[in-house]
Amino acid sequence: MGQPGQFKNNLKLFFALCIILFSTSCGNEKEQPKEIITTQPVTVKIPTPDFNADSAYAFVKAQVNFGPRIPGTKAHERCADYIVAKLKSYGLQVTVQKGTVQTYDNKQFSLKNIIVEYKPDLPNRILFTSHWDTRPWADLDSINKDKPFDGANDGGSGVAVLIELARQLSISKIEKGIDLIFFDIEDYGMESTNTQYERKEDTWCLGSQYWATHLHKPGYYAQYGILLDMVGGKNPQFPMEGTSMQYAPDVVEKIWTLAGRMGYGNYFTTAVTGETTDDHLYVNTLANIKCIDIVHYEIDKHNYPFFHHTHSDNMDNIDKNTLKMVGQLLLEVIYTEK
Ligand code: AHN
Ligand code: ZN
């Protein structure tokens, strides 16, 4: 509350201010700079482009049309050629890493990890990955367990999102190092129900294990990586995956917060799964690069979705809206990252 004396003082202050204002607005007119010069650099955010889900959908279909991309088959070989040719057609720098691996059932396969380097000379890099091979058997189905399946989602969807991302990068002006790695032979692993063999760990993800122990560039480093696995299903759930939470909780936090801000919070939930084995495990443990997994997982069933490693993993269960959501999220990651 004010007192009578203070009112007088306030009045004096008012007149003093009037005099100052009058003198500065009239007397010093010629000395005033016309523009305000600040020392702050002006940062203009490049608007994030629209991820094209129709393109991504077409890339899933093109892969499925080759037939199951099983190591050692013609379809596998043709699909590798297709991915490489597509990426090169965008004018991007593409490297094919070749190697030989042995599977748990003692077969030898030559593998191809397909690598895109966007702005290879920039030191700050983000890595995006997915596997492009498909599992040789629908062993989680109730029928025809020994027959192959289309792998539209498990194999097809992640690759399709990354090809569309590559296309977007090729027409962008973004000053950020980005690497895309399409890992081979992820899905030739031993199921836990297979009692014929002794151990199951490390029988999966042979392409990523090979890459992590034979980096395409010595000392290769990325700030973090994001793995896509089964990102094309209807009404998906992308909970926080346990292995990602163990090795890269800050990255999970960041990406899920961004997804929430984009309105995807109903799909990118904060439930945490158990630790799963997927390509990101070896990026974390063998290459020492923080990597998270965006993977469709049904938290209530403690399992992958119904189509996983079954004959239902076909085009009928691919949803453009899901491809759009995941693709747009990755573009937003790229366009907001410093
Ligand atoms: C295991 O079943 C141990 N890993 C499965 C990772 C995977 C396979 N994701 C898709 N296909
Ligand atoms: Zn699989």
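Data block above holds the structure.
Residues numbered from 1 in each chain as written. Chains lettered and ligands numbered in written order. Predicted model: local features only at pLDDT ≥ 70, side-chain atom pairs only at ≥ 80, totals over all residues. Heavy atoms only, no water.

1. A short note on the overall build of the protein
In step 1: Assigned secondary structure in the protein consists of nine helices and six strands.
In step 2: Of the contacts made within the protein by residues no fewer than 6 positions apart, 79% connect residues no fewer than 24 positions apart.
In step 3: For the protein, the computed accessible surface area is about 17100 Å², with 53% contributed by carbon and sulfur atoms. (Helix = DSSP H or I, 4+ residues; strand = E, 2+ residues; numbered from the N terminus. Contact = heavy atoms within 4.5 Å. Areas by Shrake-Rupley, 256 points an atom, 1.4 Å probe, with all protein chains shown as cover.)

2. Here we look at helix H7 (residues 249–261)
In step 1: Compared with an ideal rise of 1.5 Å per residue, which puts 13 residues at 18 Å, H7 spans 18 Å between its outermost C-alpha atoms and is within 8% of the ideal.
In step 2: Among the residues of H7, Val251, Val252, Ile255, Trp256, Leu258 and Ala259 are the ones counted as buried. Down the axis of H7, the buried set is contained in an arc of 155 degrees. They therefore lie on one face.
In step 3: Taken from the residues just after H7, Gly263 is the one with a positive phi, measuring 90 degrees. (Expected span 1.5 Å × (residues − 1). Buried < 20%, exposed > 50% of the residue type's maximum accessible area, 1.4 Å probe, protein only. Arc of directions from axis to C-beta.)

3. Focus on the nonpolar core
In step 1: Formed by 62 residues in total, the largest nonpolar core has its most connected members in Ile83, Phe128, Phe182 and Ile226.
In step 2: The contact partners of Ile226, leaving out residues within four places of it in the chain, are Leu127, Phe128, Thr129, Ile255, Cys291, Ile292, Ile294, Leu330 and Val333.
In step 3: Listed in part, the 13 residues of the second largest apolar core include Phe183, Ala222, Ile289 and Cys291. (Core = buried A, V, L, I, M, F, W, Y, C linked by side-chain atoms within 4.5 Å.)

4. Brief notes about the site of ligand 1
In step 1: Close contacts around ligand 1 come from Asp154, Glu186, Asp187, Lys200, Trp204, Asp229, Met230, Thr277, Asp278, Tyr304, His308 and His309, and that covers them all.
In step 2: A distance of 3.0 Å separates a nitrogen atom of ligand 1 from a polar atom in the backbone of Thr277.
In step 3: Here ligand 1 loses 93% of its free accessible area of 320 Å² to cover by the protein chains.
In step 4: Classifying every residue of the shell around ligand 1 by side-chain character gives three nonpolar, three polar and six charged. (Near = heavy atom within 4 Å. Polar contact = N/O pair within 3.5 Å; in protein donor to acceptor, adjacent residues only side chain to side chain. Nonpolar A, V, L, I, M, F, W, Y, C, P; charged D, E, K, R; others polar.)

5. Focus: the coordination of the zinc ion (ligand 2)
In step 1: Note on the zinc ion (ligand 2): its protein donors are Asp154 (OD), Asp187 (OD), Asp187 (OD) and His309 (NE2). The metal-donor distances range over 1.9 to 2.5 Å.
In step 2: Read from N- to C-terminus, the donor residues coordinating the zinc ion (ligand 2) fall into the pattern D-x32-D-x121-H. With Asp187 in the loop between strand E4 (177–183) and helix H5 (206–213) and His309 in the loop between strand E6 (291–295) and helix H9 (320–336), this pair connects stretches of sequence that are 122 residues apart. Each member of the pair, Asp187 as well as His309, is classed as buried. (Donors = N, O, S within 2.8 Å, 3.2 Å for Na, K, Ca; no water.)

6. Some thoughts on the packing of aromatic side chains
In step 1: Enumeration according to the criterion identifies 10 aromatic pairs in this entry.
In step 2: Considering the side-chain rings of Trp256 and Phe268, the 5.2 Å spacing of their centres and the 75 degrees angle between planes classify their relative orientation as edge-to-face. Highlighted residues: Trp256 in helix H7 and Phe268 in the loop between H7 and helix H8 (279–285), separated in sequence by 12 residues.
In step 3: When the ring of Tyr297 is compared with that of Tyr304, the centres are 5.3 Å apart and the planes differ by 80 degrees; the resulting orientation is edge-to-face.
In step 4: Judged by relative accessible area, which is 11%, Tyr297 ranks as buried.
In step 5: On the accessibility criterion, Tyr304 (18% relative accessible area) is buried.
In step 6: For the cation-ring pair, Lys320 lies above Tyr57, with the distance from its terminal atom to the ring centre recorded as 5.1 Å. (Phe/Tyr/Trp six-rings, centres within 6.5 Å; stacked < 30°, edge-to-face > 60°. Lys NZ or Arg CZ within 6 Å of the ring centre and 35° of its normal.)

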